[in-house]
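# Commentary on secondary and tertiary structure
Spelled out from the first residue to the last, the chains are:
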Amino acid sequence: MSADVTTLCDCWKLQARQASKTLYATSHDRPVVWKGETYLPGLSLNMSSLTLNGGLAPEPADLNGALDAEALTFEDLRAGIWDGAKVTIYRVDWQSPAEGDWLWSGYLTDIEEDGGQFAVKLASVKSDLERTIGRLFSRRCDAVLGDARCGVDLDTAPQAGCDKRYATCRDIFENTENFRGFPHIPGNYTLISGPGEKRDGSSRGLER
């Protein structure tokens, strides 16, 4: 889009996770049709900060504005309908709606109300990269005592709790075949240990 365009507006698409609700709002004072979807005026938003970068760190943003859109009500906010909603922001030329581009995507992370105003905080989609997916490699067991992965019969267990250590699984429960940790992972000091030293962070079976 040309740098000297002065007929630009922001179009916001909010998609609720907990309900089949989608809000289309624009900063323009008239409806704007962008990619076959109609964005309605009435939701006045003011971004205090929106940082875009090429890195992988999440980009936080703060918004504040007035609730004038029929699709967005305090009742829904209080019910948590919009908690974690997906937000997509486009920059569109309202005089030529075919001209536009994606600007930012993220999620609503927090919403606060103050009279007839609301304030929301956003986190970019890069925050998905911070989620733990799959298993963590740890020398402690990640199963729950007595669950299907553990296999210990709680009715005959010698004690009620487990500290997740390999030695406990071996000596107390005699259940090493179902141990769900990695007790032989090298510790932090492996690379700096000298000849004959055994200080690798209590790994390789040294944790008793």
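Shown above is the structure to which this text applies.
Let me begin by describing the structure that accompanies this report. Per chain, residue numbering runs from 1 following the sequence as it is written. Thresholds applied to this predicted model are a pLDDT of at least 70 for local features of residues and 80 or more for the giving and counting of side-chain atom pairs; totals over whole chains, interfaces and linings are not thresholded and use all residues. Hydrogens and water molecules were not included; the side-chain quantities draw on all heavy atoms of the structure.

## What about the overall build of the protein?
Think of it this way: any DSSP run of H or I at least four residues long counts as a helix, any run of E at least two long counts as a strand, and we number them from the N terminus. Looking only at helices and strands, one finds two helices and nine strands in the protein. For the protein, the succession of helices and strands along the chain, N to C, is β-β-β-β-β-β-α-β-β-β-α. A 1.4 Å probe rolled over the protein chains alone gives each residue an accessible area, and that area as a share of the maximum for its type sets the label: buried under 20%, exposed over 50%, partly exposed in between. In the protein, buried positions account for 33% of the 208 residues. Within the protein, contacts between residues separated by at least 24 positions form 48% of all contacts whose residues are at least 6 apart in sequence. Throughout, the Shrake-Rupley method with a 1.4 Å probe supplies accessible areas, and for residues the shown protein chains are the sole cover considered. In the structure as shown, the protein presents an accessible area of about 12900 Å², 50% of it carried by carbon and sulfur atoms. Two residues qualify as a contact provided that any one of their heavy atoms is within 4.5 Å of a heavy atom in the partner residue.

## What about the packing of aromatic side chains?
Only rings of Phe, Tyr and Trp enter the pairing, Trp through its six-membered ring, and a pair is recorded when the two centres are within 6.5 Å. The plane angle decides the type: under 30 degrees is stacked, over 60 is edge-to-face, the rest tilted. The full count for this structure, using the stated rule, is four aromatic pairs. On the basis of an interplanar angle of 90° and a centroid distance of 5.3 Å, the ring pair of Tyr24 and Tyr39 is categorised as edge-to-face. Here Tyr24 is found in strand β2 (residues 22-26), whereas its partner Tyr39 is found in strand β4 (residues 37-39), with 15 residues between them in sequence. Here Tyr39 falls in the buried class, since its relative accessible area comes to 0%. Note on Phe137 and Phe182: the rings are 4.8 Å apart at their centroids and 40° apart in plane angle, and the pair reads as tilted. Here Phe137 is found in the loop between β9 (117-124) and α2 (166-171), whereas its partner Phe182 is found in the segment after α2, with 45 residues between them in sequence.

## Section: unusual backbone geometry
Backbone geometry at Lys164 places phi at a positive 75°, although glycine is not the residue there. Its place among the elements puts Lys164 in the loop between β9 and α2. A positive phi angle is found at Glu174, which is not glycine, with a value near 50°. Among the structural elements, Glu174 can be located in the segment after α2.

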